[in-house]
Amino acid sequence: MSTEPGLGATPGADEAVEGDGSTTAAGPAGADGPTAGTDGARDAQTASPRANATSGADGGDGGPGGTAAPGDAPGGDAVAEAAKQSEAEAELAAQRIERERIERRKAEKKAPIASGAGLSGQAADLLAAIRAVESGDRPAATVFAAPEPAPSPRSAPDPVVQRPRPAPAEAAPAVETVAAVRAVLAAGGAPESLAPQAAAALGDGAEALLREDPWQLLRISGVRPDQADGFARALLGAECGPDDERRGRAVTGWLLEQAALAGHTALEMPALVAALAQRAVPDPEAAVQDALAEGDALVFQDALDPHAPEPEDEEEERPVRVLVGLERYALAEESLADGLARLVNSLSKDAPEPWEAAATAASGGAAELAAAVAGHGLVLHTGGEAARAEPAALLAAARSAGLRAFAAVHAPEGHRRPADGAAAGDADREAPVGTVAGLLSGAEGPGRDAEGALDLDLLIVLDAPQLDVESAAMIVEALPDGARLVLSGDPAVLWSAGPGRVFADLLAARVCPQIASRTPDPGPLGELVSGIGAGELGQVEAPGKEIVIVPVRDAGEAVHRTVQLVADSVPRAIGVPAEQTVVITPGHGGAAGTRALNAALKERLNPGPGRFGGFDPGDRVAYSPAPGRTVPGQVVDADGDGLHLSCAGEPVVVPRERVEQAVRHGWALTAHQAVGARWPAAVVVLPGDAAQALSRPWVYTAFSRAGRHLSVVHGVEQALPRAVAETLPKPRTTRLPLLLSTQVPPASEA
């Protein structure tokens, strides 16, 4: 067995899996210097089957100055569907309804925003002006099914419960509107295929709006400023120039959208101004002011130390940072902070009898969690895969005590996992569990009372690091007063695909009890992954071939070895069939990205002509019902209605118009597509050109997707241990910690 410095390795796939395999794991190596990496934000666009990633990175660049090609945006042609309701439409419509509800709640408040909104000077004048102008049913059954528990004791009659039902489908743009927009796009030299997206994004009068302001084309996902400039020149001729204020406003909004794709809920003013200058905006400050005046963005002056005393000198100003953000994310973040403060502050510290009973019934690691939940409205729980047994035991104990409890996971495959490791008996396997998306859309979960609140006493959200600010805000707003919320997850995995870092911000804010599980992940895989989380890629004994390293020289060999492992070596030596093995690689593009790997795996595992838009029955697929969400599935058939899939055991029909945008082959995934799910075996492919894409969270997430066996197709040499030791997540600019700090006092140590 050949060995690199600090790295147990085998020269071939068969020898790697079927040899003695006594010591096969990555070991520590000297670090020559930092390696640029990427965090979960770079995966934000990978759910789209056409997201361009030619360099092998996991998605687009996403931040200010990032680029994406037209047509690469997730769900680009979804608006063309008019006759048939899809899961994506139901989810997006439900999210829109919930956002409107949040806006109504905010409008009803007479007091100004309590946190971060103490504006002064020009910022306060701008915000005041802007606001003054602004004022002028279950499609997929859960794995668990338990009888409804007895209702908890209440002094008032139970509210009328509205059972969950899918949200109504969103109407597609009128055919005449799409045709008119198509004509404008053709006149400006833009792809006519963008017409449905443009008509949906711009609404009624889209044709006139594009003729009057061609840079509105930037509101369509995937369009770059240079492409919008060419469109504007074709329509406006001599009137078009880089100093056009319409261009400055549009580019400002586009940069803020790109920042959101990279995970930011707002940008600091200097960063935004610098990015505008890079995009050839002659007067960046004026462009920002125009965008603020038009209401395209909001400005905030957040105190660097909100608890610092007021300056004694009236002329002395408190140090602040000036942030600019899009209204939808600013509104969601403020609503999330308000809702969390309500949960924390409105709960009596005296636990009523059912909560005491639930805390008494819990045992082991779940007992500490149950005790914290009994006396607090918000509790954070951290731990690895094995720690999921603790919230599962809490769920069972709460329902046994007559409390209405529900758990939500990130991916459909996560339905089984909360109970898999639980040791509290069969009751855990019967606990009701759904997905976050299903809960928000109304397709899964409990009913709602007359006021629209979830009919729950306890909601447990697992995979909490995957919550973005909008999803988190909708969850919190839907909880009634007096309900408990448990956010549970592994803080070492990749962050959410959408903007924000809710779980990490809450951990840093320390406004509620934090229960750190002491249940370690077992075996060599658990030891390896735990070390990665601590920044160490240590040597791990794997006598059962739980971990195997397969060194490769180039991308072509990486693809060959991967197919060999999935199709032959792992099934024969480990006993895990190909359909239970996932392949994970840093990006979609490149010679060993998901596209190349899926093509090779299809040829070996399910060859066929691809007569259904490139797919055949039996193909494994990754279905993206909405941007940032990936659901693994399998092709069943196709007909006039669209492509028929089986996802987590449930039938899904993807309309023909959406197949190209929403479905890709799924033998190989990116780490962000795979997060929230686990497979018995995982093959992680690290070609040489992927070194710059690696980071500690990426490696941790990819390696921890394996339940029994992990093979690493390794071509990055010392870049792997360097990434684990040195490359941390890229920071995200968010306002949640500050917003919480002015409403919720710091919690004592749990």
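Note that the structure is a prediction, hence the values are computed from the model and not measured.

## Describing the overall build of the protein chain
So, step 1. Helix and strand content of the protein chain: 27 helices and 21 strands.
So, step 2. Per-residue burial over the protein chain gives 57% buried out of 750 residues.
So, step 3. With an accessible surface of roughly 29200 Å², the protein chain has 51% of that area assigned to carbon and sulfur atoms.

## Topic: the sheet that holds strand β21 (residues 706–714)
So, step 1. Judged by pairing direction, the sheet is parallel, and its five strands sit side by side in the order β12-β21-β20-β13-β19 without closing on themselves. Edge positions in the open sheet fall to β12 (547–551) and β19 (668–669), since each of these has one partner strand only.
So, step 2. By the bridge criterion, five bridges tie β12 to β21 in an arrangement that is parallel. In the strand pairing of β21, valine 548 is matched with serine 711.
So, step 3. Relative to β21, helix α21 (residues 555–574) is tilted by about 150°, and along the sheet it contacts β12, β13 (581–584), β20 (679–686) and β21.
So, step 4. Across the face of the sheet, helix α25 (residues 696–703) comes into contact with β13, β20 and β21 while running at roughly 145° to β20.

## As for helix α18 (residues 469–478)
So, step 1. With ten of ten residues buried, α18 is to be regarded as a mostly interior element.
So, step 2. Among all positions of α18, only Val469, Glu470, Ser471, Ala472, Ala473, Met474, Ile475, Val476, Glu477 and Ala478 are buried.
So, step 3. Measuring from the side-chain oxygen of the N-cap residue of α18 to the backbone nitrogen of glutamate 470 gives 3.2 Å; that N-cap residue is aspartate 468.

## What about the environment of arginine 510?
So, step 1. Examined against the element boundaries, arginine 510 turns out to sit in the loop between α19 (502–509) and β11 (514–516).
So, step 2. One polar contact links arginine 510 to glutamine 514, side chain to side chain, over a distance of 3.4 Å.

## Describing the packing of helix α12 (residues 353–361) against helix α13 (residues 365–375)
So, step 1. Axis separation between α12 and α13 bottoms out at 8 Å; the angle between their running directions is 170°. When the axis of α12 is compared with that of α13, the two are roughly antiparallel. Contacts from Trp355, Ala358 and Ala359 of α12 reach α13 at Ala370, Ala371, Val373 and Ala374.
So, step 2. In the contact of α12 with α13, the residues fall into seven nonpolar, no polar and no charged.

## Some remarks on helix α22 (residues 594–605)
So, step 1. The end-to-end C-alpha distance of α22 is 15 Å, a good match for the 16 Å that twelve residues give at a rise of 1.5 Å each.
So, step 2. Along α22, the positions that sit buried rather than exposed are Thr594, Leu597, Asn598, Ala600, Leu601 and Lys602.
So, step 3. At its buried positions, α22 is contacted by α21, β13, β18 (663–665), β19 and β20.

## Considering the environment of alanine 358
So, step 1. For alanine 358, the location among the structural elements is in helix α12.
So, step 2. Judged by relative accessible area, which is 3%, alanine 358 ranks as buried.
So, step 3. What alanine 358 contacts, discounting residues up to four positions off in sequence, is Ala370, Ala397, Ala398, Ala401 and Leu403.

## Describing the pattern of salt bridges
So, step 1. Under the counting rule described, the total for this entry stands at 22 salt bridges.
So, step 2. Across the pair glutamate 334 and arginine 735 runs a salt bridge whose closest N-O atoms are separated by 3.4 Å. In this pair, glutamate 334 sits in helix α11 (residues 327–346) while arginine 735 sits in the loop between α26 (719–726) and α27 (736–741), placing the two residues 401 residues apart along the sequence. Considered together, glutamate 334 and arginine 735 belong to a single accessibility category, that of buried residues.
So, step 3. For arginine 388, the salt bridge identified is with aspartate 463, shortest N-O distance 2.9 Å.

## With respect to the sheet that holds strand β5 (residues 320–325)
So, step 1. As summarised here, the arrangement of the three strands in space is β3-β5-β4, forming an open sheet in which the pairing is antiparallel. Strands at the two margins of the open sheet, each flanked by one partner only, are β3 (267–268) and β4 (298–303).
So, step 2. Where β3 lies against β5, two bridges are found, and the strand directions are antiparallel. Directly across from leucine 267, in β5, lies its bridge partner valine 324.

## Quick look at the packing of helix α8 (residues 245–261) against helix α10 (residues 284–293)
So, step 1. Two numbers describe how α8 lies on α10: the axes approach to 8 Å, and their chain directions differ by 80°. Put simply, α8 runs roughly perpendicular to α10. Touching Glu245, Gly248, Arg249 and Thr252 of α8 are Ala287, Val288, Asp290 and Ala291, all from α10.
So, step 2. Here the residues of the contact of α8 with α10 are counted per class, giving three nonpolar, two polar and three charged.

## A word on the confidence of the model for the protein chain
So, step 1. Across the protein chain, pLDDT averages 79, with 72% of residues at or above 70.
So, step 2. Looking over the protein chain, one finds the lowest element-wise mean pLDDT in strand β1 (residues 3–4), namely 36, and the highest in β13, namely 98.
So, step 3. For residues 1–14, every residue scores under 50 in pLDDT, and the model assigns this stretch 49 contacts once sequence neighbours within four places are set aside.
So, step 4. Here residues 419–431 scores under 50 on pLDDT; set against residues more than four positions off or in separate chains, the count is 21 contacts.

## Details of the packing of aromatic side chains
So, step 1. If you walk through the whole model with that rule in mind, you get zero aromatic pairs.
So, step 2. A cation over an aromatic ring shows up here: arginine 735 above the ring of phenylalanine 300, its NZ or CZ 3.8 Å from the ring centre.

## Some thoughts on the pairing of strand β9 (residues 458–461)
So, step 1. Here β9 shows a buried face lined by Leu458 and Ile460 and a second buried face lined by Leu459 and Val461.
So, step 2. Inspection of the sheet shows strand β7 (residues 405–409) paired to β9 by four bridges, in the parallel sense. In the sheet register, phenylalanine 406 faces β9, and the bridge partner there is leucine 459.
So, step 3. Regarding the hand of the β-α-β motif, the stretch spanning β9, α18 and strand β10 (residues 484–489) is right-handed.

Rules used throughout
Residues numbered from 1 in each chain as written. Predicted model: local features only at pLDDT ≥ 70, side-chain atom pairs only at ≥ 80, totals over all residues. Heavy atoms only, no water. Helix = DSSP H or I, 4+ residues; strand = E, 2+ residues; numbered from the N terminus. Buried < 20%, exposed > 50% of the residue type's maximum accessible area, 1.4 Å probe, protein only. Areas by Shrake-Rupley, 256 points an atom, 1.4 Å probe, with all protein chains shown as cover. Pairing = 2+ DSSP bridges. Contact = heavy atoms within 4.5 Å. Axes fitted to C-alpha atoms, helices over the stretch in contact; angles between N-to-C directions. Polar contact = N/O pair within 3.5 Å; in protein donor to acceptor, adjacent residues only side chain to side chain. Parallel < 35°, antiparallel > 145°, perpendicular 65-115°, else oblique. Nonpolar A, V, L, I, M, F, W, Y, C, P; charged D, E, K, R; others polar. Expected span 1.5 Å × (residues − 1). Salt bridge = Lys/Arg side-chain N within 4 Å of Asp/Glu carboxyl O. pLDDT = per-residue confidence, 0-100. Phe/Tyr/Trp six-rings, centres within 6.5 Å; stacked < 30°, edge-to-face > 60°. Lys NZ or Arg CZ within 6 Å of the ring centre and 35° of its normal. Right-handed = clockwise from strand over helix to strand, strands pointing away.

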